[in-house]
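As a plain string of letters, each chain reads:
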Amino acid sequence: MKYDVVVVGSGVAGPIVARDVAKAGFSVLLVDKKPAIGTPKQCAEGINVNVFKEFDIPYDKRFINREIYGARIYSPSGYTAELRYDKVSGVILERKVFDKMLAYYAAKAGADVWARTEVIDLLRKEGKIMGVKAKHEGELVEIEAKIIVAADGVESTVARLAGINTYAPPHEFDSAYEYEMIIEGYDPDLIHLWFGNEIAPRGYVWVFPKDEDRANVGIGINSDNEKTAKYYLDKWLKENNIPTKKILEINVGLVPVGGFVRELVKENVAVVGDAARQVNPVHGGGMYEAMKAANILAKWIVKALEEENLELLKNYTKEWWEVEGPKMERLLKLRRAMEKLTDEDIDVFVQLLGGTDLEKLAGGNYFEVVKALMKHPKVLMSKRRLEILKALL
Ligand SMILES: Cc1cc2nc3c(=O)[nH]c(=O)nc-3n(C[C@H](O)[C@H](O)[C@H](O)COP(=O)(O)OP(=O)(O)OC[C@H]3O[C@@H](n4cnc5c(N)ncnc54)[C@H](O)[C@@H]3O)c2cc1C
């Protein structure tokens, strides 16, 4: 079996690469170890509404669970800041359908798609990487390919097999735990985020509404914490008197929030998405970054195949670092600064920040916001707060 490209992993990044390369007329095989692509989900399913246009994905009601108009954040003592638009700003997806439909779009563009196919090793001949070895419905198969894409998520093995250094220490990952459950009393037009060192160390608790009374309710905390994410989520639910007898799903996962990969390509293997730690380090959202990187990678795969020059693949690393790298480094700096905040600091900042400030912070465009905060008496009076902010400039 021979293809131009084999893509390992059909989450978000993989199908976008497969679709774009197949569209250009090259042969592509997209594989995933899951028997049903998209299931189970490991996601809160929130994404900015602009992605559909940017990545040419139909705005299809089959996977758009709910339209969202903004966000409300809560400080440890209960101060809130809100960002509310009069038009749709984001959506809560149904990822089980979304991921499957992305694979369907890849198939429609010409790619072959195999579910229940787990890549277990690289295929090497005379020291060269020639493809992958996989278990396809329990049978061992060898798939030859000119280019291999490791889109195999946070626990990626394929990039490492090729010698790409994807190591990051445990502190650069969040541990996430989530219930899809019945929950009432939260404005279903907004996403809700709670911050605080006793609530969610380093991270936040989220309620992402999927219905008036159904939501993904989850938490992300630093994965090297001595307590578990489940411990903190259950504590928060109990302290807020939220009944936990109607739980429809439990989702667990790791989220990379740092540890970006310097060299994204080795020989004819490229890494993309969570496997390459391409995730927003402040809010832990990875779908946008996975699609953005997939887009860049697909462009260079097509060029490399058209010009029969695999060296061109290296331009993916260069372009990703030029286009996304600076923003990601700024966000990482912001994440590290946020880790130093006490609960009192969070209370102060939430009182001082407006909705648009929050948007700028989450997108990494924080210079103006930080400069304005530094002039406020509540910040000026605290040498420590001032130093945390100064380090961001
Ligand atoms: C609890 C939680 C909540 C989250 N919430 C959000 C959110 O609200 N918004 C957001 O943008 N991001 C969120 N994220 C992050 C987001 O889910 C990921 O960033 C995104 O899915 C990354 O896409 P990907 O294609 O790189 O990897 P994945 O979506 O993880 O896909 C990787 C695929 O590879 C397959 N695979 C792995 N190994 C092999 C193998 N050896 N052979 C074949 N197939 C293999 C897996 O089965 C999987 O389908 C959340 C993550 C978690 C854990």
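Residues numbered from 1 in each chain as written. Predicted model: local features only at pLDDT ≥ 70, side-chain atom pairs only at ≥ 80, totals over all residues. Heavy atoms only, no water.

- Going by UniProt, the protein carries the name Digeranylgeranylglycerophospholipid reductase and comes from Pyrococcus furiosus.
- As its UniProt record puts it under Pathway, the protein is described as follows: "Membrane lipid metabolism; glycerophospholipid metabolism."
- In its Sequence similarities section, the UniProt entry covering the protein states "Belongs to the geranylgeranyl reductase family. DGGGPL reductase subfamily." (UniProt positions renumbered as here; feature names shortened; annotations may be inferred.)

**So, the UniProt feature "binding site: FAD" in the protein**
- When the UniProt feature table is mapped onto this chain numbering, "binding site: FAD" sits at Ala13, Asp32, Cys43, Ala44, Gly46, Arg95, Val119, Asp274 and Gly286. Separation in sequence by 274 residues is matched in space for these annotated residues, since their most distant C-alpha atoms are 28.8 Å apart.
- On the secondary structure map, alanine 13 appears in helix α1 (residues 13-23).
- With sequence-adjacent residues up to four places away left out, alanine 13 is seen in contact with Ala151, Val272, Gly273, Ala290 and Ala294. (Helix = DSSP H or I, 4+ residues; strand = E, 2+ residues; numbered from the N terminus. Contact = heavy atoms within 4.5 Å.)

**Considerations on the packing of aromatic side chains**
- Tallied over the entire structure, the rule returns 17 aromatic pairs.
- Ring geometry for tyrosine 74 against tryptophan 194: centres 4.3 Å apart, planes inclined by 10°, an arrangement best described as stacked. In this pair, tyrosine 74 is assigned in strand β5 (residues 70-74) and tryptophan 194 in strand β13 (residues 190-194), connecting sequence segments 120 residues apart.
- Accessibility expressed as a relative area gives 12% for tyrosine 74, which makes it buried.
- Relative to tryptophan 321, the ring of tryptophan 320 lies with its centre 5.1 Å away and its plane at 85°, an arrangement referred to as edge-to-face.
- Judged by its relative accessible area of 1%, tryptophan 320 falls in the buried class. (Phe/Tyr/Trp six-rings, centres within 6.5 Å; stacked < 30°, edge-to-face > 60°. Buried < 20%, exposed > 50% of the residue type's maximum accessible area, 1.4 Å probe, protein only.)

**Points about the sheet that holds strand β15 (residues 214-222)**
- Spatially, seven strands are ordered β6-β5-β13-β14-β15-β12-β16 in an open sheet, and the strand pairing comes out mixed. The two strands at the open ends of the sheet, each matched to only one other strand, are β6 (80-84) and β16 (247-256). Geometrically, the sheet is characterised by an average inter-axis angle of 15° between neighbouring strands, direction not taken into account.
- Two elements, strand β12 (residues 173-182) and β16, share nine bridges in a ladder whose sense is antiparallel. Bridged to tyrosine 179 within β16 is isoleucine 250.
- This element, helix α5 (residues 229-239), spans β12, β13, β14 (204-209) and β15 of the sheet and lies at about 40° to β12.
- Running over the sheet, helix α10 (residues 355-363) touches β5 and β6 and is turned about 85° from β6. (Pairing = 2+ DSSP bridges. Axes fitted to C-alpha atoms, helices over the stretch in contact; angles between N-to-C directions.)

**Examining the side chain of glutamate 172**
- Within the secondary structure, glutamate 172 sits in the loop between α4 (158-161) and β12.
- A relative accessible area of 8% means that glutamate 172 is categorised as buried.
- A distance of 3.3 Å separates the side chain of glutamate 172 from the side chain of arginine 336, its partner in a polar contact.
- If near-sequence neighbours (up to four positions away) are discounted, glutamate 172 is found in contact with Arg202, Val255, Pro256, Val257, Gly258, Gly259, Leu332, Arg335 and Arg336. (Polar contact = N/O pair within 3.5 Å; in protein donor to acceptor, adjacent residues only side chain to side chain.)

**Some remarks on the confidence of the model for the protein**
- Considering every residue of the protein, the mean pLDDT works out to 96; 100% of them sit at 70 or more.
- Two numbers describe this predicted complex: its pTM, 0.96, and its ipTM, 0.99. (pLDDT = per-residue confidence, 0-100.)

**A short note on the nonpolar core**
- Membership of the largest hydrophobic core comes to 121 residues, with the highest contact counts inside it found for Val21, Ile57, Val149, Ile301 and Tyr316.
- At 13 residues, the largest contribution of residues to this core is made by helix α6 (residues 287-306).
- With residues near it in sequence (within four places) discarded, valine 21 still touches Val5, Phe26, Val28, Ala298, Ile301, Val302 and Leu305. (Core = buried A, V, L, I, M, F, W, Y, C linked by side-chain atoms within 4.5 Å.)

**Thoughts on the site of the ligand**
- Taken together, 33 residues surround the ligand, and among them Asp32, Ala44, Gly46, Arg95 and Asp274 come closest.
- Separating a nitrogen atom of the ligand from a backbone N or O atom of lysine 33 is a distance of 3.1 Å.
- Between the ligand and arginine 95, the relevant distance is 2.8 Å, taken from an oxygen atom to a side-chain nitrogen or oxygen of the residue.
- Burial of the ligand by the protein amounts to 91% of the accessible area it has alone, namely 1,000 Å².
- With three residues, the top contributor of residues to the shell around the ligand is strand β9 (residues 117-125). (Near = heavy atom within 4 Å. Areas by Shrake-Rupley, 256 points an atom, 1.4 Å probe, with all protein chains shown as cover.)

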